[in-house]
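Okay, here's what each chain looks like letter by letter:
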Amino acid sequence: MATAATHQATAALDRLRGRLDKAGFGALLLTSRTGRRYALGPVPGSADATAVLLTTDGTVASATGDLAAATAAALRAAGIAGGMVATEADLPPDVLGQTDGTGVRLRPAADLVFAELACCEPGEQPAFAAAAELAAVGYTAVMDHLRVGMDVRELSGNVDRSVRRAGGLLGWYDPYDADGAAGTDLVTVRGHDPATARLTATVPLRYVLHPLLDGTAGYAAATAVLSKADGPLRTAGDVCAAATAALLAALRPGARLTDGYAAFEREAGGHGAACRLVALRGGGASAPLPPDSAVVAEPGMVLGVRTGVQVPGRGAVELAETVALTAEGAEPQAGTPLRLVELY
Amino acid sequence: MGTTHPTGADRVPTADAAGVTMPLVGFGTHPMRGDQATEAVLTAFSVGYRLVDTATRYRNEAAVGAALAATDLPRSDLFVTTKMPPDQVGRERLTLERSLTALGCDHIDLWLIHWPPGGHPGVTSWRAFVKARDEGLVRAIGVSNYSVELIDALHRETGVYPAVNQVQWGPGDYDPHFAGAMRERGVVLSAHSPLRSTDLDHPVLLDVARRHGRSPRDVVLAWNLHHKVAVTVKSAHRDRMERNLSAADLTLTPADVEAIDGLTTVTTGR
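Quantities reported herein were computed from a predicted structural model and do not represent experimental measurements.

*Asks:* I tried to follow the sheet that holds strand 7 (residues 138-144) of chain B on my own but got confused; where do I start?
*Replies:* Note: strands within a sheet are paired through backbone hydrogen bonds, in either parallel or antiparallel orientation. Residues and elements named next belong to chain B. With parallel pairing, the 8 strands of this closed barrel are ordered in space as 3-4-5-6-7-8-9-10. Strand-to-strand twist across the sheet, computed as the mean angle between neighbouring axes with direction ignored, equals 30 degrees. Where strand 6 (residues 108-113) lies against strand 7, 5 bridges are found, and the strand directions are parallel. Bridging across to strand 7, leucine 110 finds its partner in alanine 140. Sitting on the sheet, helix 4 (residues 123-134) touches strand 5 (79-84), strand 6 and strand 7, and the angle it makes with strand 7 is about 160 degrees.

Put into structure tokens, the structure is as follows:
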């Protein structure tokens, strides 16, 4: 089923349409969860749409069903029989083939969508700062209480209490589908003994925090070892810290964001390392920057940065931060240590 | 914002923290930030607080430093406590230097290890703390959230006991064995969150409060002072700051204290 309506454009949609116009597109087809939610907002049931089509003249059309049918329906509902439509990169090629039959020409729009999701107007900065702050609260709630033999399940309780005191909520639910939800926070933990759920002195503990406040995600991750690190672990920690620093240093206005990927690779090459940049707006899905992206860093962007280096046989060192891009470069927002933490 | 020199400061009892005179009532700054923290600290000074408690974790040291710079109280009249988070093991001096810079001070009166790093005593950090004290960068050193066993481990390895152990401590947390162990080792017990574990509507507190014409909150603070436990209280409101400080004027009877001691919910030793 498809619906079409001419919406009173919100500021965000206006901005997205401006990007479309500037790029020479007549419409944008959003098929990812993040993209759909960003366009439709936190409306209950918005996740049901499979495809959302936004045109430069103000029409928003959404359709449900399988992707091919929904895409065709959204195009029909918006009255688009031809012209240039941008699509997110994850739209399957077979869908493109079917819709080509209508005369519509489709072009990838992953960069356009990523740039929109990453850009932050001055008035939105407090929301990003609050989400990053909640990540920092979660970090402290975990890091300060670690001990050898601790049952890893205690950690979520600690984070829950601290996040509540800070005004957020911890839960494994989706705030877009829950009326009145103030936010969520997830903590994902690795590194405990799987047989006992307890922490050991030598396996690095990794945890990732994903606070989400009003559709804006914070981003932080940390790795700690509950002893003095041995050689291989310290090497991995040092490599990850240096490569992460190189990535952040590369995120300067005017440079391509993928220059950060290249800087990371140069520093960490050959160590089983990986990194990614994500946009933090549009819900908790955190759209990643495509490896071949041409998006250029500009002041006002807020990004999630995640890096990792494998430790053979013992997991990995993983780090993450929420960074705001300014004229001077990348500024960490959560302020968690971008290095292996040794607790002894 | 200027400050005055009230007489309120004179009525706050003090403790000997390893040779350093420490006010037993302090102003806690968590979770205040920025201008709110600066204004609150200046107001606290103006009503008579002289100890201000911050921490690297609170991310408000610069705001507290702004208050220290703005007040007309001499630095020697003030007592500044800050804390190093456990994730700074091996980076103690760097952490201290950052705290000194943010606070705009050439020394800190009391520097604490905020939590036992990884549940360990943190001997490496403690050695760095002792060195910083010996160099005059801090006047007294201590710990926070430490058990008796962890404190003994620090002493065993270095020969130095902490001057202070700051823990969550209120009637609900009361443990005479723990308090006695601190006393025997010359460690000043300091209470953070003195009201968190306490039911302020408990009939015992309500009765004591009614007989003294005070609030249960005042009674809890006075109970801590009776036990020579330092208390850190926080509020952004001037009237509540004054009321908290006035607990120093409240003298509980031995029967009051015994009844409040009985509110403990502690069943095992720390």
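Alright, that's what it looks like, and here's the rest.
*Asks:* Sorry, what's going on with the pattern of salt bridges here?
*Replies:* Opposite charge on two side chains lets them pair, provided their charged atoms get close. Going through the model one piece at a time under the given rule, you end up with 32 salt bridges over all chains. Asp249(B) is the partner of Arg11(B) in a salt bridge, and the nearest nitrogen-oxygen pair spans 3.0 Å. With a gap of 238 residues between them, Arg11(B) in the segment before strand 1 (14-17) and Asp249(B) in the loop between helix 9 (238-245) and helix 10 (254-261) connect regions that are remote in the sequence. Relative accessible area serves as the criterion here: at 34%, Arg11(B) is assigned to the partly exposed category. Glu242(B) is paired through a salt bridge with Arg238(B); the nearest N and O atoms lie 3.6 Å apart. A residue pair is termed a helical-turn pair when its members lie 3 or 4 positions apart in one helix, as Glu242(B) and Arg238(B) do in helix 9 at 4 residues. Taking relative accessible area as the criterion, Glu242(B) reaches 37% and is therefore assigned partly exposed. Judged by its relative accessible area of 39%, Arg238(B) falls in the partly exposed class. In this structure, a network of salt bridges that share partners links the residues Arg15(A), Arg19(A), Glu116(A), Glu121(A), Glu124(A) and Arg281(A).

*Asks:* I keep staring at helix 9 (residues 258-268) of chain A and nothing clicks. Help me out?
*Replies:* All names here are of chain A. Of the residues making up helix 9, those classed as buried are Thr258, Gly260, Tyr261, Ala263, Phe264 and Ala268. Residues of helix 9 that are buried sit in contact with helix 8 (231-250), strand 12 (273-279) and strand 13 (302-310). At the exit of helix 9 stands glycine 270, carrying a positive phi of roughly 85 degrees.

*Asks:* Before we go on, may I ask you to explain the interface of chain B and chain A in this structure?
*Replies:* The parts lose accessible area when they come together, and the size of an interface is often stated as this lost area. Counting from both sides, the interface comprises 16 residues of chain B and, opposite them, 21 residues of chain A. For the pair chain B and chain A, the summed buried area comes to about 1500 Å², and 45% of that belongs to carbon and sulfur atoms. Two residues, Arg59(B) and Glu133(A), come together in a salt bridge whose shortest N-O distance is 3.3 Å. Linking chain B with chain A are 10 residue pairs in polar contact (both at pLDDT 80 or more), by the criterion used here. Taken together, the residues of the side of chain B that touches chain A break down into 4 nonpolar, 6 polar and 6 charged.

*Asks:* I'm lost on the packing of helix 6 (residues 125-143) of chain A against helix 7 (residues 153-165) of chain A in this one. Help?
*Replies:* All names here are of chain A. Two elements in contact, helix 6 and helix 7, have axes whose closest approach is 8 Å; the angle formed by their N-to-C orientations is 135 degrees. Taken together, the axis directions place helix 6 and helix 7 in an arrangement best described as oblique. Handedness of the crossing formed by helix 6 with helix 7: right-handed. When helix 6 is examined against helix 7, the residues Leu134, Val137, Gly138, Ala141 and Val142 are found in contact with a partner set consisting of Leu155, Asn158, Val159, Ser162 and Val163.

*Asks:* How should I be thinking about the nonpolar core in this particular structure?
*Replies:* One broad trend across soluble globular proteins is that nonpolar side chains are buried collectively. Among the nonpolar cores identified, the biggest contains 87 residues, and Tyr49(B), Trp126(B), Trp169(B) and Leu252(B) are the most heavily contacted of them. When residues in this core are grouped by element, the largest group, 7 residues, is from helix 1 (residues 34-47) of chain B. In this structure Trp126(B) touches Ile113(B), Ile141(B), Gly142(B), Val143(B), Leu154(B), Thr158(B), Val160(B), Tyr161(B) and Pro162(B), once residues within four positions along its chain are discounted. Within the second largest apolar cluster, 54 residues are counted, among which are Leu13(A), Leu117(A), Val239(A) and Tyr261(A).

About the thresholds
Residues numbered from 1 in each chain as written. Chains lettered and ligands numbered in written order. Predicted model: local features only at pLDDT ≥ 70, side-chain atom pairs only at ≥ 80, totals over all residues. Heavy atoms only, no water. Pairing = 2+ DSSP bridges. Helix = DSSP H or I, 4+ residues; strand = E, 2+ residues; numbered from the N terminus. Axes fitted to C-alpha atoms, helices over the stretch in contact; angles between N-to-C directions. Contact = heavy atoms within 4.5 Å. Salt bridge = Lys/Arg side-chain N within 4 Å of Asp/Glu carboxyl O. Buried < 20%, exposed > 50% of the residue type's maximum accessible area, 1.4 Å probe, protein only. Buried area = accessible area lost by both parts, 1.4 Å probe. Polar contact = N/O pair within 3.5 Å; in protein donor to acceptor, adjacent residues only side chain to side chain. Nonpolar A, V, L, I, M, F, W, Y, C, P; charged D, E, K, R; others polar. Parallel < 35°, antiparallel > 145°, perpendicular 65-115°, else oblique. Left-handed = near helix turned anticlockwise from the far one by under 90°. Core = buried A, V, L, I, M, F, W, Y, C linked by side-chain atoms within 4.5 Å.

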